[in-house]
Amino acid sequence: MPVITDLTADFKPFWDKMHAVDPYLKPEEEAPEAEYIAPNEDMVHLVGVMNCIMCGACVSDCTVLEVKDNFLGPAALAKAYRFVADPRDDTETERLENLVEDGGIWDCTRCMQCVEVCPKDVDPMSRIMAMRANSLEKKMNKGYGPRHANAFTSLVKSSGILNETLLILKTKGFFNIIELIKLLPLAIAAQLAGKRPPFLSHSIKNKDKLKNIFKKLEKK
Ligand code: SF4
Ligand code: SF4
């Protein structure tokens, strides 16, 4: 966050991003005569994220915000999760559709910095990952983030080995010439350093065991 003076930070970007995720319940049904009733276990689960005291420590230390101003950041995304996961809110899909856009949940690099510095154990990164899983379940597959996640899963599922060359090609798209050209300097540097991943990879021996693991996971 921008520093005003020693120990004083400008919180405007923090609040702007907090407002951007519509931090309030959006029920579509008619309001009940008394209070909204929600299952106890759902609310107990949400207490963890409601513990946020808006200190901004996670935002100050987020490694992505250092380089990408439009990233919503850990605090706002944790707040978004608080409503995505609230059974009284009826706009989960609409919220996720906004959150998968540029600057949203797929920009997190899972560096864990926000988890380490949070004084209230809000664990913003896990909330972001939960929304990613939720959006994939809803087949929100547009963009490099979901494509990377799906390619990663399908490569490991098919051979038990992560072929990093194919991972990049599947994520960027085999015919996405402009993006692939941008990667050339990296590929050349890796080649020169003897660190270019192989184009072809073998399969692991116990593929059946792996398939059973995937079957069990997919049933869940
Ligand atoms: S885990 Fe994601 S949100 Fe948290 S600090 Fe790292 S990049 Fe930012
Ligand atoms: S560090 Fe924790 S308590 Fe502070 S703003 Fe971030 S999530 Fe909230």
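Everything here concerns the structure above.
Since the structure is predicted, the reported quantities are computational estimates derived from the model, not experimental observations. (Residues numbered from 1 in each chain as written. Chains lettered and ligands numbered in written order. Predicted model: local features only at pLDDT ≥ 70, side-chain atom pairs only at ≥ 80, totals over all residues. Heavy atoms only, no water.)

1. Here we look at the site of ligand 2
In plain terms, the rule: When we say a residue is near a molecule or strand, we mean one of its heavy atoms is within 4 Å of it. Cavities and pockets are defined on a 1 Å grid built over the protein atoms alone: a cavity is a set of grid points where a 1.4 Å probe fits but cannot escape, while a pocket is an open set with protein on both sides within 12 Å along at least five of seven lines, and lining residues are those with an atom within 4 Å of any such point. Think of it this way: a molecule belongs to a cavity or pocket when more than half its atoms come within 2 Å of the grid points there. Charged residues are taken to be Asp, Glu, Lys and Arg, nonpolar residues to be Ala, Val, Leu, Ile, Met, Phe, Trp, Tyr, Cys and Pro, and polar residues to be all remaining types, Gly included.
Surrounding ligand 2, one finds Cys52, Ile53, Met54, Cys55, Gly56, Ala57, Cys58, Cys118, Pro119, Val122 and Pro124. With respect to the detected pockets, ligand 2 is housed in the largest cavity. A class-by-class count of the residues in the shell around ligand 2 yields 10 nonpolar, one polar and no charged.

2. Side note on helix α2 (residues 40-50)
To keep it simple, the criterion reads: Burial classification: accessible surface area is computed with a 1.4 Å probe over protein chains only, and a residue below 20% of its type maximum counts as buried, one above 50% as exposed, and the rest as partly exposed. Secondary structure counts use DSSP, requiring at least four H or I residues in a row for a helix and at least two E residues in a row for a strand, with both numbered from the N terminus. Contact between two residues is taken to exist if any of their heavy atoms lie within 4.5 Å; hydrogens are not considered.
Among the residues making up α2, those that are buried are Met43, Leu46, Gly48 and Val49. Tucked into the core, α2 has its buried residues touching α4 (73-84) and α7 (124-137).

3. Looking at the nonpolar core
Going by this rule: By convention a nonpolar core is built from buried Ala, Val, Leu, Ile, Met, Phe, Trp, Tyr and Cys residues, the set being connected through side-chain atoms within 4.5 Å.
Within the largest apolar cluster, 34 residues are counted, with the highest numbers of intra-cluster contacts made by Phe71, Leu77, Leu99, Ile105 and Met131. Residue assignment for this core shows that the elements contributing at least two residues are α1 (12-20), α2, α3 (57-61), α4, α5 (92-99) and α7. Broken down by element, this core gets its largest block of residues, seven residues, from α4. Setting aside anything within four residues of it in sequence, one finds Met131 in contact with Leu77, Ala80, Tyr81, Val84, Leu96, Leu99 and Ile105.

4. Section: empty space enclosed by the protein
Rule in force here: Grid points are joined across faces, edges and corners, and a volume is the space filled by probe spheres set on the points.
What the rule picks out here adds up to two cavities of 30 Å³ or more. The calculated volume of the largest cavity comes to roughly 110 Å³. In this structure, the largest cavity is lined by 15 residues; those nearest its centre are Cys52, Cys55, Cys58, Cys118 and Val122. For the lining of the largest cavity, the secondary structure elements donating two or more residues are α3 and α4. A breakdown of the residues in the lining of the largest cavity according to their chemical character gives 13 nonpolar, one polar and one charged. Estimated volume of the second largest cavity: approximately 80 Å³. Around the second largest cavity, the lining comprises 14 residues; the ones closest to its centre are Cys62, Phe71, Cys108, Cys111 and Cys114. Breaking the lining of the second largest cavity down by element, the ones donating at least two residues are α6 (113-117) and α7. Across the lining of the second largest cavity, the residue classes tally to 10 nonpolar, three polar and one charged.

5. Concerning the packing of α2 against α4
Rules: Axis angles are defined between N-to-C directions and span 0 to 180 degrees, where every axis is a line fitted to C-alpha atoms and, for a helix, only to the segment in contact. Our angle categories are set so that under 35 degrees counts as roughly parallel, over 145 as roughly antiparallel, 65 to 115 as roughly perpendicular, and the remainder as oblique. Each crossing gets its hand from how the near helix is turned against the far one by less than a right angle, where anticlockwise is left-handed and clockwise is right-handed.
Direction vectors running N to C along α2 and α4 enclose 165 degrees, while the axes themselves pass 9 Å from each other. For the element pair α2 / α4, the angle class is roughly antiparallel. The interaxial crossing formed by α2 with α4 has left-handed handedness. Contacts between α2 and α4 involve His45, Leu46, Val49 and Met50 from the first element and Ala78, Tyr81 and Arg82 from the second. Taken together, the residues that form the contact of α2 with α4 break down as five nonpolar, one polar and one charged.

6. Thoughts on the layout of surface pockets
Quick reminder of the rule: What marks off one domain from the next here is an automatic or database domain assignment.
Of the voids in this model, the largest pocket is the one considered here, and its volume is about 970 Å³. Trp106, Leu136, Ala149, Asn150 and Thr153 are the residues nearest the centre of the largest pocket, which is lined by 27 residues in total. Contributions of two or more residues to the lining of the largest pocket are made by α7, α8 (144-159), α9 (164-172) and α12 (207-219). With eight residues, α8 is the largest single contributor of residues to the lining of the largest pocket. Considered class by class, the residues forming the lining of the largest pocket number 13 nonpolar, eight polar and six charged. Looking at which domains feed residues into the lining of the largest pocket, each of domain 1 (3-137) and domain 2 (163-219) gives three or more. Its boundaries defined by the atoms lining it, the second largest pocket holds a volume of some 380 Å³. Lining the second largest pocket are 14 residues, with Thr165, Ile168, Leu183, Ala187 and Arg196 positioned closest to its centre. Of all the secondary-structure elements, those providing two or more residues to the lining of the second largest pocket are α9 and α11 (184-192).

In short, geometric facts, not functional conclusions.
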